[in-house]
Amino acid sequence: MSSNRLQAMPRLIGWRVLKMAAMVLAIVVVNFLLIHAAPGDPASAIAGQSGQADAEFMRQLREQFGLDKPLPLQLWIYIERVLTLDLGVSHRLQRPILTVIFERLPATLLLTGTAFLIALASGVALGVRAARKPGGIADTLIMGGSLFFYATPLFLVGIVLVLVFGVWLNWLPTFGMETVDMPLQGIARATDIARHAVLPVITLAVFYSAVYVRLTRASMVEVSSYPFIKTARAKGASETRIRWVHMLRNALLPVITLAGIQAGHLVGGSILVETVFAWPGIGSLAFEALLARDYDLLLGIFLCTSVVVLTFNLLTDLVYLAFDPRVQAL
Amino acid sequence: MTCKLLAVEQLSIGLPAYADRAQAVSKVSFSLGEGEILCVVGESGSGKSMIANSIMGLLSKELPVLGGRIELQGIDLLNQTPAQLRILRGSRMGMVFQEPMAALNPLMRIGDQIAEVFQVHGIACSQERVADLLRAVNLPDPEVLVRVYPHMLSGGQRQRVVIAMAIALEPSLLIADEPTTALDVTTQAQILKLIRDIQRRRNTGVLFITHDFGVVREIADRVIVMKDGELVEHGSADDVLERPLHDYTKKLLAAVPRPNMDAPRPRADRAILQASGLRKTYWRGSKEVAALNDISLDLRKGETIGLVGESGSGKSTLARTIVNLVTPDSGEIRFEGTDLRSLSRKQWKPFRKRIQFLFQDPFESLDPRRTVGDIISDGPIAHGTSAAEARAIAREKLQLVGLDPSAVVRWPHEFSGGQRQRIGIARALAMNAELLIADEPVSALDVSVQAQILDLLEGLRDKLGLSMLFITHDMRVAAQICDRIAVMKLGEIVEEAPARELLSNPQHPYTRMLIASVPGLAAGSVVGSAMETS
């Protein structure tokens, strides 16, 4: 039966990818309409910046950006371009949007990916420790700490870290991704980036981690009451073995679900932290694009983040499929 | 005389402060010899499982052992360190549990779970050894099974796997805590036989915990009877079953359902419910499965028909089809001549009142956030009765089912299982139902409570002229309360006859197998005696 499951895999994944494509198209349409429902347009933004706004200039701008055409036609043109992977040109940066996004993407992935892995590992480990003796000292401390970080706004944690480690102790850089005035190469550059990454990564990780701690603990406590745990004890298995072999694997199922959801937000969910630490990633790019009413760039970022979300949804389901033999379909 | 294997002396186990009594088990003493099967019998809450768990050292922290001794082959189990106990578990004593569906780790292959017993005791384990064990518990295709996950097995197969793990290291003591309660009756018969075989082959001492006297009759050498944490009777199986001394044992034995010996009630001419050619199929993957296959049923006014079958036989689907919760693919259902299938939602409404449902689980079928009065008066109010009047009906019906009318203001959780089932009956009666469909209404209840509910249903039936479709997996229960019995298997009624006729002269092979599987039958069971007298 398990071999059937694996044989059906390529077909199942193909079907899912097809559904994903349809979903992306729907997202493109909805994003486009949402953006155009907001008041103001790039023409008025540019006109505002340049300080002159006579009607003729506005008309020219709108014609240049295709904004004078009826909305359905604009949508159609946009979809056609997206399908050929041409996301257009940012009017603010005067550069192709796809290039800009791919320039910024590694920085964000470095930040959020590291934070995600640290959060997952530390959250699960602390959750397991807390569940060992519910109501004990370790449990109280861990749960208290996680509640504290869960309840504290992200930017506040960031600002406090900047104050303590950056300003008072002066241990770590607090701004940007690398030292700009010192072109470094190789290991020196990597170390420099790592030093810059510490504070933003910690800021993001403590928040994510708090959620994993709570979920893992609750899940472990729940699983510990399942009959098969008693079966394992009756076999003579040690408590350590029961905890790591029998309880943890079963307790991880809901954690995987949550991790999948959070992984989907790796690209879109770090706007606050990137802004606080001036991290040159997608988040700060989106923030700038929003302020400048750079519609096409914003739409490109949305498209990119939604593709990431959908991809991670699929990956999560695949992990689940590999992890839980009872799951039969995607 | 057998050698002494296990000795329990003056064992007392405490309960948390909020419990209804001070001790879960108080001053219980008994012993078990090698190769002997000792049954611990009692109703829920009698402390019988606590004894099992205390021997294995598996009691939770809220249940401390307060005093006494437990000795296994001379080892004082209560004075072992956790590490020492861990080594004894699995090697000297093995345990089988009640819920085979949940007793195996869902994420681990069967073979790995069995091999784990050897691993944790530091014993090398070959594939053949695991396969041998699977063969020893009569599982087919051991080579395939080792690679399979628990969810692919049936309940009976899973219980065999659990037994294989428990006997892997050939322990001298096997503790079985209600191992067949969750299984179908034919599977139960097989598992009981398996346990007896193992006990004979390996001279294992078996401590067998059960609430079912049929099972006791089937398997026990000696019996102890527990009530509220105390041991009330202790003796050989013959003595306890045939010549019980304690009143409580007598009461329990009297509560075991037995075939109705009264003259059969005359059958009315008027049918209340007629089903013919009912069919319902489901698609499971690419396979079509018939849940109901050409079902025909003729229930007369005032009559009780028992629908007996194992899990998956389609008996609940049939009940749900009658009340329009499941739409059949084809066939006809007539209630007093009206075809229910052609009715619109609105036209159905008066019939909803006349056909009422009684559910299996008295703990889940009552809304915990509503008072008993609200639960019972809901139905009448939905059919246009004023709230005050519905309240009065609720009080009246509560009295009718033997509860105090003041229960209207109380909450479901304040009642015991039997009392809740009475509330369920009152709810059905509040609609002045003519046809009661009872889906396993006594399966979740202790035997003494079960007897009370059956008595109540019988009394109400006679008093109110109720017709009943009574669904049960227990042939003994059906034999007690039903005029006729229909046996279902894989969506078909394979045999239908007056109850006594069906029991004494079963025609279909499956009916014969079901009756033969009823525990306790071989040693002059209740059904057996019915067969002799008729």
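None of the values given here were measured: they were computed from a predicted structure.

Cut-offs used in this document
- Residues numbered from 1 in each chain as written.
- Chains lettered and ligands numbered in written order.
- Predicted model: local features only at pLDDT ≥ 70, side-chain atom pairs only at ≥ 80, totals over all residues.
- Heavy atoms only, no water.
- 1 Å grid on protein atoms, 1.4 Å probe; cavity = no way out; pocket = protein on both sides within 12 Å on 5 of 7 lines; lining within 4 Å.
- Points joined across faces, edges and corners; volume = space filled by probe spheres on them.
- Helix = DSSP H or I, 4+ residues; strand = E, 2+ residues; numbered from the N terminus.
- Nonpolar A, V, L, I, M, F, W, Y, C, P; charged D, E, K, R; others polar.
- Contact = heavy atoms within 4.5 Å.
- Buried area = accessible area lost by both parts, 1.4 Å probe.
- Salt bridge = Lys/Arg side-chain N within 4 Å of Asp/Glu carboxyl O.
- Expected span 1.5 Å × (residues − 1).
- Buried < 20%, exposed > 50% of the residue type's maximum accessible area, 1.4 Å probe, protein only.
- Arc of directions from axis to C-beta.
- Pairing = 2+ DSSP bridges.

Structural notes on empty space enclosed by the protein
Okay, so step 1: A complete count under the given rule lists two cavities of 30 Å³ or more for this structure.
Okay, so step 2: As for the largest cavity, its lining consists of T231, A234 and K235 of chain A together with G90, G94, M95, V162, M165 and A166 of chain B.
Okay, so step 3: Every element with two or more residues in the lining of the largest cavity is listed here: α10 (227-235) of chain A together with β6 (93-96) and α6 (155-166) of chain B.
Okay, so step 4: Its residues placed into classes, the lining of the largest cavity shows five nonpolar, three polar and one charged.
Okay, so step 5: The calculated volume of the second largest cavity comes to roughly 30 Å³.
Okay, so step 6: For the lining of the second largest cavity, the per-class residue count stands at five nonpolar, one polar and no charged.

Points about the interface of chain B and chain A
Okay, so step 1: Chain B puts 27 residues into the contact, and the matching count from chain A is 22 residues.
Okay, so step 2: Summed over both partners, the interface of chain B with chain A buries about 2,300 Å², with 63% contributed by carbon and sulfur atoms.
Okay, so step 3: On the chain B side of the interface with chain A, the three residues burying the most area are L107, E116 and M152 of chain B, jointly 27% of the side's total.
Okay, so step 4: At the boundary of chain B with chain A, the tally comes to two salt bridges.

Considerations on helix α7 (residues 137-151) of chain A
Each α-helix winds once per 3.6 residues, and so residues spaced three or four apart point in a common direction.
Residues and elements named next belong to chain A.
Okay, so step 1: Given a rise of 1.5 Å per residue, 15 residues ought to cover 21 Å, and the 21 Å separating the end C-alpha atoms of α7 matches this to within 8%.
Okay, so step 2: Turning to α7, its buried residues number three or more, namely D139, I142, M143 and S146. What you see down the axis of α7 is that its buried residues fit within an arc of 95°, all on one side. Exposed residues pointing more than 90 degrees away from the buried face of α7 are listed as I137, T140, L141, F148 and A151.
Okay, so step 3: On its buried face, α7 is in contact with α6 (97-132) and α9 (186-224).

Quick notes on helix α1 (residues 48-56) of chain B
Residues and elements named next belong to chain B.
Okay, so step 1: Burial analysis of α1 places seven of its nine residues in the buried class, the great majority of the element.
Okay, so step 2: Burial in α1 covers these residues: K48, I51, A52, N53, S54, I55 and M56.
Okay, so step 3: Where α1 terminates, the next one or two residues include G57, which has phi positive at roughly 75°.

Describing the pairing of strand β3 (residues 37-41) of chain B
All names here are of chain B.
Okay, so step 1: The buried fraction of β3 is high, at five of five residues.
Okay, so step 2: What you see with β3 is no split at all: I37, C39 and V41 on one side and L38 and V40 on the other are buried throughout.
Okay, so step 3: Direction of pairing for β3 relative to strand β8 (residues 205-210): parallel, over a ladder of five bridges. Its bridge partner being in β8, V41 is matched across the sheet by T210.
Okay, so step 4: One ladder, built from four bridges, connects β3 with strand β9 (residues 222-227); its direction is parallel. Note on β9: the bridge partner recorded for C39 is V223.

Remember that the coordinates give geometry; whether it matters functionally is a separate question.
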